[in-house]
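Results of the structural survey
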Amino acid sequence: MKAMIFAAGRGERMRPLTDSCPKPLLKVRGRPMITTHVLNLVRAGITEIVINHSFLGHMIEEELGDGSRFGARIAYSHEPTPLETAGGIANALHLLGDEPFLAVSGDIYAPYFDFSQAFDVLKDKDMLGIPYPEDKRDIAWLWLTPNPWHNPDGDFALDMYTLRNDGPSKWNFAGIGVYRPEMFEGIKPGDFVKFGPLMRKYIDLGRVGGELYEGQWVNVGTVRQLEELNAPLGSVVRVAP
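Keep in mind that this is a model prediction, so the values were computed, not measured. (Residues numbered from 1 in each chain as written. Predicted model: local features only at pLDDT ≥ 70, side-chain atom pairs only at ≥ 80, totals over all residues. Heavy atoms only, no water.)

**So, the overall build of the protein**
Secondary structure assignment for the protein yields six helices and 13 strands. Relative to the compact-globule value of 18 Å for 241 residues, the protein shows a C-alpha radius of gyration of 18 Å, a close match. Seen through its C-alpha atoms, the protein measures out along the principal axes to roughly 50 × 40 × 30 Å. Burial statistics for the protein: of 241 residues in total, 50% are counted as buried. In the protein, the share of contacts with a sequence separation of at least 24, taken over all contacts with a separation of at least 6, comes to 72%. In the form shown here, the protein has an accessible surface area of approximately 11,800 Å², with 51% of it arising from carbon and sulfur atoms. Separation between the mean location of the 25 positive side-chain charges and that of the 31 negative ones in the protein comes to 3 Å. (Helix = DSSP H or I, 4+ residues; strand = E, 2+ residues; numbered from the N terminus. Rg over C-alpha atoms; globule rule 2.2 N^0.38 Å. Buried < 20%, exposed > 50% of the residue type's maximum accessible area, 1.4 Å probe, protein only. Contact = heavy atoms within 4.5 Å. Areas by Shrake-Rupley, 256 points an atom, 1.4 Å probe, with all protein chains shown as cover. Lys, Arg positive; Asp, Glu negative; His and termini not counted. Charge placed at Lys NZ, Arg CZ, Asp CG, Glu CD.)

**Looking at helix α3 (residues 84-91)**
The buried fraction of α3 amounts to six of the eight residues, a majority that puts the element mostly inside the structure. Turning to α3, its buried residues number three or more, namely A86, G87, G88, I89, A90 and N91. Turning to α3, the residues buried within the fold contact β1 (2-7), β4 (48-53), β5 (73-78), α4 (93-96), β6 (101-105) and α5 (195-204).

**Digging into the packing of aromatic side chains**
For any pair of aromatic rings, the description rests on two quantities: the centre-to-centre distance and the angle between the ring planes. Overall, the coordinates contain nine aromatic pairs when judged by the stated rule. Each ring, one from F101 and one from F184, has its centre 6.4 Å from the other, and the planes form 40 degrees; the classification is tilted. Of the two residues, F101 is situated in strand β6 and F184 in the loop between β11 (170-179) and α5; the sequence distance between them amounts to 83 residues. F184 carries the same exposure label as F101, and that label is buried. Summarising the aromatic geometry, the rings of F173 and F195 are spaced 5.6 Å apart at their centres and angled 10 degrees between planes, so their arrangement reads as stacked. Taken together, the residues F173 in strand β11 and F195 in helix α5 connect sequence positions 22 residues apart. Accessibility classification places F173 together with F195 in one group, the buried group. Put simply, the rings of F101, F173, Y179, F184 and F195 touch in pairs and so form one group of aromatic residues. The ring of F55 has R10 sitting right over it, with the charged end atom 4.0 Å from the ring centre. (Phe/Tyr/Trp six-rings, centres within 6.5 Å; stacked < 30°, edge-to-face > 60°. Lys NZ or Arg CZ within 6 Å of the ring centre and 35° of its normal.)

**Structural notes on the side chain of T36**
Here T36 is to be found in helix α1 (residues 33-43). In this structure T36 touches R31 and P111, once residues within four positions along its chain are discounted.

**Remarks on unusual backbone geometry**
In this structure, R29 takes a positive phi of about 55 degrees despite not being glycine. Considering the arrangement of structural elements, one finds R29 in the loop between β2 (27-28) and β3 (31-32). Look at R29 and you get partly exposed, because its relative accessible area is 40%. A positive phi is found at L122, a non-glycine position, where the angle reads about 55 degrees. Here L122 lies in the loop between β7 (108-109) and β8 (140-145).

**Describing the nonpolar core**
By size, the foremost hydrophobic cluster in this structure holds 43 residues, and its most contacted members are I51, L64, L102, F115 and W143. Looking at which element gives the most residues to this core, the answer is α1, with four residues. The residues touching W143, leaving out its near neighbours within four places in the chain, are L102, F113, Q117, A118, N172, F173, A174, I176, G177, V178, E211 and Y213. A103, F173, M183 and F184 belong to the second largest nonpolar core, which has 28 residues in total. (Core = buried A, V, L, I, M, F, W, Y, C linked by side-chain atoms within 4.5 Å.)

**Focus on the pairing of β5**
Bridge count between β4 and β5: six bridges; the pairing is parallel. When the sheet's bridge partners are listed, H53 is paired in β5 with H78. Between β4 and its parallel partner β5, the chain crosses via helix α2 (residues 57-64), and the hand of that crossover is right-handed. (Pairing = 2+ DSSP bridges. Right-handed = clockwise from strand over helix to strand, strands pointing away.)

Right, dumping it as structure tokens:
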């Protein structure tokens with residue numbers, strides 16, 4: 001399995017820090033957030049990694065190189081203008097191959113997430129070994145988290161292990177998922193396409209599975225959040241706006 005790390009966002013809310021540093025290179029506990037992802041992916045046995053980037057993307061390449069010092073092989077997908085999540089994936093499909101792949105946002109901090117879980121989702125056969133029809137099997141699998149302060153209403157409901165667009169309780173999308181390439185094949189390389197509408201379409205078709213992750217997880221979106229994550233150990237960390 002290959003993995004993609006999203007690193008093309010401009011990080012407007014993190015300015016002025018992101019005027020001179022790509023957001024995924026901002027450090028938590030002395031290590032760039034994107035490096036933490038690379039190390040955890042390799043630890044899980046996922047060593048082929050694609051990273052998309054845009055503004056100051058050369059700094060990401062300079063920091064990570066070809067990935068060999070981490071035990072990985074890293075390829076880069078440069079976007080002159082950020083293409084949003086679905087557009088970025090479609091632009092990098094030629095690097096991701098024909099099999100399901102893991103994708104993770106480069107600006108989340110989830111140091112204990114076990115990426116090896118990705119191998120156990122998006123099954124092609126049922127428990128009896130009978131293949132699922134291609135138009136019925138899950139096309140994506142998302143991890144959700146309890147709702148953070150910046151997304152109190154959540155994104156998706158969870159019905160057992162099937163996602164719903166509506167429900168009595170919604171959870172926050174963690175920015176971590178596994179996808180089949182065919183989900184993005186209708187998007188031309190270079191097209192600007194948002195992730196939400198595409199995902200909601202497949203959720204309505206009953207083709208998106210998911211589960212809840214309750215470990216440490218932070219979508220690092222403000223300077224204050226970054227400062228709180230880097231506070232001395234033992235300090236009260238709120239991770240608030």
